[in-house]
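# Reading the structure
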Amino acid sequence: MREPILLTPGPLTTSATVKQAMLRDWGSRDAAFIALNRRIRERLLALAQAADSHVCVPVQGSGTFAVEATIGTLVPGDGRLLVLVNGAYGRRMVRIAEVIGLAVTSLSWPEDEAVDAQALDQALAADPAISHVAVVHCETTSGILNPLQDVADVCARHRRSLLIDAMSSFGALPIDARQTPFAAVMASANKCLEGVPGVGFALIRREALEAAKNNAPSLSLDLYDQWQGLEANGQWRFTPPTHVLAAFDQALDEHAAEGGVAGRGARYRRNHQILVEGMSALGFAMLVPPLLQAPIIVTFLMPADPRFVFTEFYDRLREKGFAIYPGKLTVAASFRIGCIGRIGEAEIRAALTAIGETMREMGVASGAPALRGETERRE
Ligand SMILES: *Cc1c(COP(=O)(O)O)cnc(C)c1O
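Here the structure is a predicted model, which means the values were calculated and not measured.

What follows covers the nonpolar core. Of all hydrophobic cores here, the largest spans 52 residues; its most connected members are Leu44, Phe170 and Leu203. With seven residues, the top contributor of residues to this core is helix H9 (residues 242-257). Setting aside its immediate chain neighbours within four residues, leucine 44 contacts Cys56, Phe170, Leu193, Phe201, Leu203, Phe248 and Leu252. Of all hydrophobic cores here, the second largest spans 34 residues; its members include Val55, Val57, Val94 and Ile96.

Now the structure itself:
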């Protein structure tokens, strides 16, 4: 059975060696396992030049668990969170804050526009009660890159704490704690770091975490407690995802061998460029303007040709060995193709060939979308 190539934003394709790293059982108290955890935490901090200022706290679960744990741990009950929203992951942070019962407000933009640091500046000036700001670095909903440095500068100027959902950028797009002030960066093992799903983490400014004792409204998602446990004896409070961590350790070796953030980012940029050129040649159009597009995942507008039925397109591509991703947009009908995971030029070119073949099978001559106004009228 051939494994599919996952052109999705996660779970995504991992290397054979990452998968092989899971073929061993670890005792959670083994010295070698404790050392493995320490190594992972140190390397994650180093990726953001944050070793002197921040601590790394891993948490079991998918990326959302890490986001929820970080918000719940860091924003105190009498705080107020402002979320910058231009997609589903921003909306999810609002929802998390609501479920926790935190005071939360948001500033919103359409999914094909970046968030605006100037509007944030005004909002912070107008509302001194806002203690924390949350932003998504690369909004995976559309693939857009938000202006992280500008947002961080505004938050620093107003002395508000910044929480960054860098789930789909960490490890491929640089974030430098010495230049970009943040209270927390949240990410997971299974996006640009190319581990397997099952663990997330946050890099948290040490003083912010020290001040967060008893904040969390949850036992298992309390990152202060999780940190204290790890610092005390190097062990997780509750059963660690041992195999996932062993795979993560191997994935971080491979990340370093590829040249770290710069090397990983370069491969994804090449994937992205080949994908966009190939899809454009087939007539497809992208939602996000090129200058705002991150090399992580690309949103293509649904072709106008009525013979293009997405579920059929998806199934036929899947039969050829490629899994793509439905759209998650509210502004336009679309689908997405990811550039991340253990894939390179060969896989992207093979996917483009399969897409061309599939269009011929379906009798679709071009991937050109309806004009924007027409799409909106049709819906
Ligand atoms: C993938 C992702 C998450 C987390 O999603 P999970 O399904 O919980 O892993 C959060 N934010 C962004 C921007 C993401 O891309």
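After that view of the structure, there is still more to cover.
Another aspect to go through is the pattern of salt bridges. In total, this model carries 22 salt bridges according to the counting rule given. The closest approach of N and O atoms between arginine 91 and glutamate 111, which form a salt bridge, is 3.7 Å. With arginine 91 in helix H4 (residues 88-100) and glutamate 111 in the loop between strand S4 (103-108) and helix H5 (117-126), the pair connects residues that are 20 residues apart, well separated along the chain. The exposure class assigned to arginine 91 is partly exposed, which follows from its relative accessible area of 38%. Arginine 95 is the partner of glutamate 98 in a salt bridge, and the nearest nitrogen-oxygen pair spans 3.5 Å. Taken as a pair, glutamate 98 and arginine 95 lie in helix H4 at a separation of three residues, close to a single helical turn. A residue is classified by how much of its surface remains accessible, and glutamate 98, at 43% relative accessible area, is partly exposed. Residues joined by salt bridges that share partners form a network here, namely Glu194, Glu258, Arg264, Arg267 and Arg342.

Geometrically, a packed helix pair is captured by the angle between its two axes and the distance between the axes. Interhelical geometry of H5 versus helix H6 (residues 148-157) gives an angle of 15° and a closest axis separation of 9 Å. Relative to H6, the element H5 is oriented roughly parallel. Two packed elements cross with a definite hand, and for H5 against H6 that hand is right-handed. Touching Ala117, Leu120, Asp121 and Leu124 of H5 are Asp150, Val151, Val154, Cys155 and Arg157, all from H6. Taken together, the residues that form the contact of H5 with H6 break down as six nonpolar, no polar and three charged.

Before going further, it helps to examine the side chain of arginine 160. Relative to the elements of secondary structure, arginine 160 occurs in the loop between H6 and strand S8 (161-165). Of the buried charged residues, arginine 160 lacks a salt bridge, with aspartate 127 as the closest side chain of opposite charge at 6.1 Å.

Right, let's get into the packing of aromatic side chains. Counting across every chain of the model gives 14 aromatic pairs. Pairing tryptophan 26 with phenylalanine 33 gives two aromatic rings, centres 6.1 Å apart and planes at 45°, and the pair type is tilted. A relative accessible area of 17% places tryptophan 26 in the buried class. Aromatic pair tyrosine 224 and tryptophan 227: ring centres 6.1 Å apart, planes at 70°, arrangement edge-to-face. One end of the pair is tyrosine 224 and the other is tryptophan 227, both in helix H8 (residues 223-233) and three residues apart, which spans about a single turn. The exposure class assigned to tryptophan 227 is buried, which follows from its relative accessible area of 4%. If you follow arginine 24 out to its NZ or CZ, it ends over the ring of tryptophan 26, 3.9 Å from the centre. Over the ring of tyrosine 89 we find lysine 191, and its NZ or CZ is 5.6 Å from the ring centre.

The strand order across the open sheet formed by three strands is S11-S14-S13, and the pairing between neighbours is antiparallel. Looking at which strands have only one partner, the edges of the open sheet turn out to be strand S11 (297-301) and strand S13 (325-326). Of the strand pairs in this sheet, S13 and strand S14 (residues 334-338) are connected by two bridges, and their pairing is antiparallel. Its bridge partner lying in S14, proline 326 is registered against phenylalanine 335.

To continue, consider the site of the ligand. The environment of the ligand is made up of Ser62, Gly63, Thr64, Tyr89, Arg92, Val136, Cys138, Thr140, Asp165, Met167, Ser168 and Lys191. Here an oxygen atom of the ligand and a side-chain polar atom of threonine 64 are 2.5 Å apart. The side chain of threonine 140 places a nitrogen or oxygen atom 2.4 Å from an oxygen atom of the ligand. Contact with the protein chains removes 84% of the 380 Å² of surface that the ligand exposes when unbound. Of all the elements in the fold, those that place two or more residues in the shell around the ligand are helix H3 (63-74) and H4. Of the residues contributing to the shell around the ligand, the split by class is four nonpolar, five polar and three charged.

Rules used throughout
- Residues numbered from 1 in each chain as written.
- Predicted model: local features only at pLDDT ≥ 70, side-chain atom pairs only at ≥ 80, totals over all residues.
- Heavy atoms only, no water.
- Core = buried A, V, L, I, M, F, W, Y, C linked by side-chain atoms within 4.5 Å.
- Buried < 20%, exposed > 50% of the residue type's maximum accessible area, 1.4 Å probe, protein only.
- Helix = DSSP H or I, 4+ residues; strand = E, 2+ residues; numbered from the N terminus.
- Contact = heavy atoms within 4.5 Å.
- Salt bridge = Lys/Arg side-chain N within 4 Å of Asp/Glu carboxyl O.
- Axes fitted to C-alpha atoms, helices over the stretch in contact; angles between N-to-C directions.
- Parallel < 35°, antiparallel > 145°, perpendicular 65-115°, else oblique.
- Left-handed = near helix turned anticlockwise from the far one by under 90°.
- Nonpolar A, V, L, I, M, F, W, Y, C, P; charged D, E, K, R; others polar.
- Lys, Arg positive; Asp, Glu negative; His and termini not counted.
- Phe/Tyr/Trp six-rings, centres within 6.5 Å; stacked < 30°, edge-to-face > 60°.
- Lys NZ or Arg CZ within 6 Å of the ring centre and 35° of its normal.
- Pairing = 2+ DSSP bridges.
- Near = heavy atom within 4 Å.
- Polar contact = N/O pair within 3.5 Å; in protein donor to acceptor, adjacent residues only side chain to side chain.
- Areas by Shrake-Rupley, 256 points an atom, 1.4 Å probe, with all protein chains shown as cover.

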